[in-house]
Amino acid sequence: MMEGRGRFITLEGGEATGKSTLARAIDAHLRGAGRQTTLTREPGGTPLAEALRAIVLSPPGEQPSALSQSLIFSAARCDHIEKVIRPALATGRWVLCDRFVDSTEAYQSSAAHEPISSETLGLLNELLPPERPDLTLILDLPLEEARRRIERRKGASDVFEDRDDAYHERVRQAFLRIAEREPERCVVLDAALPPNELADAAIRIIGDRLDRPSGD
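J.: Sorry if this is basic, but what is going on with the overall build of the protein chain here?
T.: The helix and strand inventory of the protein chain stands at eight helices and five strands. When the elements of the protein chain are put in sequence order from the N terminus, they spell out β-α-β-α-α-β-α-α-β-α-α-β-α. A compact globule built from 216 residues would reach a C-alpha radius of gyration of about 17 Å, and the protein chain, at 17 Å, matches this within 12%. Overall size of the protein chain, expressed as C-alpha extent along the three principal axes, is 50 × 35 × 35 Å.

Printed below as a string of C-alpha cells:
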C-alpha cells in the first residue's frame with residue numbers, strides 16, 4: 001500500500017476529444033512508473049452510477065431537462081466518490097477520471113437550452129463529498145474536427161452527440177472559461193494532436209505539477 005493521499009486527475013472536454021484514449025495512455029505511463037492507479041469515468045464507475053449513465057444517455061421517452069440531468073449526475077457522482085474515488089485516494093492510488101464536476105457546469109449550466117443556474121450548480125456541488133481534482137486536463141478540439149470524429153464512429157450516438165453545432169460550441173467555450181478561471185487546476189491541451197503527442201504533453205504536465213514527493 002502506498003503512503004499518503006493519492007492524486008486525483010480529471011479529463012474534460014467536448015465530444016470526441018479523445019479523453020478516454022488519453023486516460024488509458026496516462027494510466028499505462030503511471031503504472032509503468034510504479035504508481036498504483038484507478039481508471040474510472042463519469043457518469044459511471046459503480047454499478048449504480050453506470051445504470052444512471054444509461055438512463056441519461058439513452059433516456060426512455062422525452063429527454064430530461066438540464067436540472068433533471070444534473071440531479072441524476074449528482075446522485076451518480078456521490079456514489080462514485082464514496083465507493084471508488086475516496087477509497088482509492090485514501091490508499092495512495094492515483095485516480096484518473098474521464099469527466100467530473102466541470103462537465104456538469106459545461107453541459108447542464110452553460111450550454112443547455114434551459115440551463116441550471118450557477119447557484120443551483122454550486123448547491124449541488126456543496127452537497128457532494130469534498131474530493132476535488134488536483135489537476136484537470138481540458139481537451140480542446142475545433143468543432144469541425146469533432147464532427148468528423150463523431151461521424152467516423154460506429155454505433156448509435158447518444159443524446160449529447162446528437163445536439164446541434166451551436167450547442168457543442170457553447171460546451172467548448174464553457175470548458176475554456178473554466179480553464180481561464182482556474183489556471184492553478186486546469187490545463188488546456190490541443191486535442192487535434194496525434195494521440196502519442198497528446199499523451200506526451202499530458203505526461204509532461206503531470207510530471208511538472210503533480211509527480212513530486214509531498215512537501216516539494
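Back to the text.
J.: What exactly am I supposed to notice about the packing of helix 4 (residues 101-110) against helix 5 (residues 118-127) here?
T.: Any two packed helices are characterised by how steeply their axes cross, that is the angle between the axes, and by the distance between the axes. At their nearest, the axes of helix 4 and helix 5 sit 11 Å apart, and the two run at 155° to each other. Between helix 4 and helix 5, the angle is such that the two are roughly antiparallel. With respect to the hand of their crossing, helix 4 and helix 5 are arranged in right-handed fashion. Packed against helix 4, whose contacting residues are V101, T104, E105 and S109, the element helix 5 presents S118, L121 and N125 at the interface. A per-class count over the contact of helix 4 with helix 5 returns two nonpolar, four polar and one charged.

J.: Mind showing me how you'd approach the side chain of R149 here?
T.: Locating R149 in the fold gives a position in helix 6 (residues 143-152). Looking at R149, the relative accessible area reads 18%, which means it is buried. Setting aside chain neighbours within four positions, we find R149 in contact with A16, T17, G18, L141, A191 and A192.

J.: Just to check I follow, could you spell out the packing of aromatic side chains for this structure?
T.: Centre-to-centre distance and the angle between the planes together describe a pair of aromatic rings. Counted by the stated rule, this structure contains four aromatic pairs. Taking the centre distance of 5.1 Å and the plane angle of 80° together, the rings of F8 and F100 count as edge-to-face. Of this pair, F8 sits in strand 1 (residues 8-13) while F100 is found in the loop between strand 3 (94-98) and helix 4, placing the two residues 92 residues apart along the sequence. You'll find F8 and F100 in the same group, each marked buried. With a centroid separation of 6.3 Å and an interplanar angle of 70°, the aromatic rings of Y107 and F175 are classed as edge-to-face. Separated by 68 residues along the polypeptide, Y107 in helix 4 and F175 in helix 7 (residues 165-181) bring together distant segments of the chain. On the basis of relative accessibility, which here comes to 4%, the residue Y107 falls in the buried class. The buried category is assigned to F175, whose relative accessible area is 2%. Every member of this aromatic cluster is reached through a ring pair, and the members are Y107, F160, Y167 and F175. Looking at R77, its charged tip hangs above the ring of F100, at a distance of 5.4 Å from the centre. Taking the ring centre of Y167 as reference, the NZ or CZ of R163 above it sits at 4.8 Å.

J.: I would appreciate a short explanation of the sheet that holds strand 3 in the present structure.
T.: In a beta sheet, neighbouring strands pair by backbone hydrogen bonds and run either parallel or antiparallel. On the basis of which strands lie adjacent, the open sheet formed by five strands has the order 2-3-1-4-5 and parallel pairing. Whereas interior strands pair on both sides, the edge strands pair on one side only; in this sheet they are strand 2 (37-41) and strand 5 (186-190). The mean angle between the axes of side-by-side strands here comes to 20°, regardless of whether they run parallel or antiparallel. Examined bridge by bridge, strand 1 and strand 4 (residues 135-140) share five bridges and lie parallel to one another. Paired with E12 across the bridge in strand 4 is I138. Across the face of the sheet, helix 8 (residues 195-209) comes into contact with strand 1, strand 3, strand 4 and strand 5 while running at roughly 160° to strand 5.

So, how was this worked out
- Residues numbered from 1 in each chain as written.
- Predicted model: local features only at pLDDT ≥ 70, side-chain atom pairs only at ≥ 80, totals over all residues.
- Heavy atoms only, no water.
- Helix = DSSP H or I, 4+ residues; strand = E, 2+ residues; numbered from the N terminus.
- Rg over C-alpha atoms; globule rule 2.2 N^0.38 Å.
- Axes fitted to C-alpha atoms, helices over the stretch in contact; angles between N-to-C directions.
- Parallel < 35°, antiparallel > 145°, perpendicular 65-115°, else oblique.
- Left-handed = near helix turned anticlockwise from the far one by under 90°.
- Contact = heavy atoms within 4.5 Å.
- Nonpolar A, V, L, I, M, F, W, Y, C, P; charged D, E, K, R; others polar.
- Buried < 20%, exposed > 50% of the residue type's maximum accessible area, 1.4 Å probe, protein only.
- Phe/Tyr/Trp six-rings, centres within 6.5 Å; stacked < 30°, edge-to-face > 60°.
- Lys NZ or Arg CZ within 6 Å of the ring centre and 35° of its normal.
- Pairing = 2+ DSSP bridges.

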